[in-house]
Amino acid sequence: MSLKLYIHWEQAGYPEKTSKIQIPKSWLAKSVKEVIGLFAMPYNNVNKDTPIELDNVHLETTEGVKIYSNDVVGDVLEDRFDYHIKLGAHVKADIEKDAVVEENLVRCKNYGCNQFFSEEHNHDEACQHHTGPPIFHDTMKCWSCCRDRKAFDFESFQLITGCAMGRHSTVAQKVAIAASPNAPSESGAPVAAPVQLKSIADFNTKNPDAASAASAAAKIVTAARKSTRSADGCSAKCQRKGCQKDFVVAENSPTACNYHTGNPVFHDAIKLWSCCPDKKCYDFDEFMAVPGCAQGHHDDGVIEL
């Protein structure tokens, strides 16, 4: 079972931050320090002058109970609990730092693994990893072997599970980070045009009159219902959210329109319909293509609904 944690950093002299972090089942055997690292990585990337030093912090519950940074996540952290990062190291004294050396543990170099292992316990299903290097392009992050699993923050990126199983390896990867999709080819060979994520601003610029553009989303939510029928009364534009299609009035029926019952939500890079919160999109065209969750007549402002 995965865990959803709410991590808070509220220290004098540091920018404050709160993040909701989802810990997958595969992370339950990792250390609490690694969970703090999920929070700290994107934080430190933005706050380079006041970074969180993993060796000098620990977690506490809202009640002030300290949690050892080298404890196992699945043993000490609870689902949907609030945890606060506090200054000061808090590590179990009975776990020696040289235990890694004593057990001949080495760090795996496979993409996305980074775990310590001993060759004695290495086997064909010991390592879940990625087969290609990571790609960082603008705000998008993904593994080159799993391009359809995009993330837009480091927390989500770190949680993308590997796509391959195999043995741990100590062989360093030749490529640490894959080239950006827009980088020119060194060989001069033609490169396929990259698929560009379309922003709301781009969509609105190219479609200034589109009823479904983000600039019109608020109008759709708050606009009073009125007739959209043409002068001859034969055609109309549907006013339902997520539809906005032109239709023939005589062909309207109880199954003609697929629409959303909720409102559009735009938060940071995420776009979704409030009635379909599990269908999050980062690309505006993908958001526009999310099928409606309800069915009924097209609304021309005249028909009784």
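Note: the structure precedes this text.
Quick look at the structure, then. Note that residues are indexed from 1 along each chain, following the sequence as it is written. Local features are withheld for residues below a pLDDT of 70 in this predicted model, meaning they are given only at 70 or higher, and side-chain atom pairs are given and counted only at 80 or more; totals for whole chains, interfaces and linings count all residues. Derived side-chain values reflect all non-hydrogen atoms in the structure, with water molecules and hydrogen atoms excluded from consideration.

Thoughts on the overall build of the protein
Looking only at helices and strands, the protein features 7 helices and 19 strands. Using a 1.4 Å probe on the protein chains alone, a residue whose accessible area is under 20% of its type maximum counts as buried, one over 50% counts as exposed, and one in between counts as partly exposed. With 305 residues in all, the protein has 35% of them scored as buried. Residue contacts follow a heavy-atom distance rule, with two residues in contact if any of their heavy atoms lie within 4.5 Å. Taking all contacts inside the protein whose residues are at least 6 apart in sequence as the whole, residues at least 24 apart take part in 52%. Every accessible area reported is derived by Shrake-Rupley at a probe size of 1.4 Å, with residue values counting cover from the shown protein chains alone. Approximately 18,400 Å² of the protein is accessible, and the part contributed by carbon and sulfur atoms is 51%. The helix and strand labels rest on DSSP assignments: H or I over at least four residues marks a helix, E over at least two residues marks a strand, and numbering proceeds from the N terminus.

Description of the pairing of strand β5 (residues 82–87)
Note that strand β1 (residues 3–9) and β5 share 4 bridges and pair parallel. Counted as the bridge partner of tryptophan 9 is isoleucine 85 from β5. Paired strands are those between which DSSP finds at least two bridges. In this sheet, β5 lies alongside strand β3 (residues 57–61) in antiparallel orientation, the contact comprising 5 bridges. Paired with histidine 58 across the bridge in β5 is lysine 86.

Concerning the pairing of strand β11 (residues 146–151)
Strand residues, when the strand is regular, have side chains that alternate between the two faces of the sheet. Alignment of strand β10 (residues 140–143) against β11, held across 2 bridges, turns out to be antiparallel. Bridge assignment links tryptophan 143 to a residue of β11, and that residue is cysteine 146. Adjacent in sequence and paired antiparallel, β10 and β11 are bridged by 2 residues.

Digging into unusual backbone geometry
Unlike most non-glycine residues, arginine 80 shows phi in positive territory, near 60°. Tracing the backbone shows arginine 80 in the loop between α2 (73–76) and β5. Positive phi outside glycine occurs at glutamine 244, with the angle close to 60°. Along the chain, glutamine 244 falls in the loop between β13 (235–237) and β14 (246–248). On the basis of relative accessibility, which here comes to 15%, the residue glutamine 244 falls in the buried class.

Regarding the side chain of histidine 130
Of note, histidine 130 is situated in the loop between β8 (127–129) and β9 (134–137). Histidine 130 sits in the buried class, given a relative accessible area of 2%. Definition of a polar contact: a pair of N or O atoms within 3.5 Å, with one able to donate and the other able to accept a hydrogen when the atoms are protein atoms, and with sequence-neighbouring residues admitted only if both atoms are side-chain atoms. One polar contact links histidine 130 to tryptophan 143, side chain to side chain, over a distance of 3.3 Å. A polar contact of 3.2 Å, which involves the side chain of histidine 130, links it to the backbone oxygen of isoleucine 160. Those residues within four positions of histidine 130 in sequence are excluded, and the remaining contacts are Tyr111, Gly112, Trp143, Cys145, Cys146, Ile160, Thr161, Gly162 and Cys163.

A few points about the sheet that holds β9
What the 3 strands build is an open sheet, ordered β9-β10-β11; its pairing is antiparallel. Since the sheet does not close on itself, it has two edges, and those belong to β9 and β11, each with one partner. For this sheet, the mean angle separating the axes of adjacent strands, direction not counted, is 25°. With 4 bridges joining them, β9 and β10 adopt antiparallel strand pairing. Paired with proline 134 across the strands is tryptophan 143, a residue of β10. To define axes, lines are fitted to C-alpha atoms, for helices over the stretch in contact only, and angles between the resulting N-to-C directions are given on a 0 to 180 degree scale.

Examining the environment of alanine 29
Tracing the backbone through its elements, the reader meets alanine 29 in the loop between β2 (17–23) and α1 (32–46). C-alpha of alanine 29 to C-alpha of valine 73: the two residues are 44 residues apart in sequence and 6.1 Å apart in space.

Some remarks on the environment of arginine 225
Looking at the secondary structure, you find arginine 225 in the loop between α6 (214–222) and β13. Under the relative-accessibility criterion, arginine 225 is labelled partly exposed at 43%. Separated by 74 residues in the primary sequence, arginine 225 and aspartate 299 have C-alpha atoms spaced 9.0 Å apart. Once residues lying within four places of it in the same chain are set aside, the contact partners of arginine 225 are Gln239, Asp299, Gly301, Val302, Ile303 and Leu305. Among the polar contacts made by the side chain of arginine 225, one reaches the side chain of aspartate 299 at a distance of 2.9 Å.

Some remarks on the packing of aromatic side chains
Paired rings are identified among Phe, Tyr and Trp, the last through its six-membered ring, by centres lying within 6.5 Å, and are further divided according to the angle between planes into stacked (under 30 degrees), edge-to-face (over 60) and tilted (the rest). With the rule as written, the count across this model stands at 9 aromatic pairs. An angle of 80° between the planes, with centres 6.4 Å apart, marks the rings of tryptophan 9 and tyrosine 43 as edge-to-face. Within this pair, whereas tryptophan 9 is found in strand β1, its partner tyrosine 43 is found in helix α1, the two being separated by 34 residues in sequence. With respect to burial, tryptophan 9 and tyrosine 43 carry one shared label: buried. With 5.2 Å between their ring centres and 15° between their planes, tryptophan 143 and phenylalanine 157 make a pair best called stacked. Taken together, the residues span a long stretch of sequence, with tryptophan 143 in strand β10 and phenylalanine 157 in helix α4 (residues 154–158) at a distance of 14 residues.

Some points on the side chain of serine 169
Looking at where serine 169 falls in the secondary structure, it is placed in the loop between β12 (164–166) and α5 (200–206). Residue class for serine 169 comes out buried when judged on its relative accessible area of 19%. There is a polar contact of 3.1 Å between the side chain of serine 169 and the backbone nitrogen of valine 171. Beyond its immediate sequence surroundings of up to four residues, serine 169 is in contact with Arg107, Cys108, Lys109, Asn110 and Phe117.

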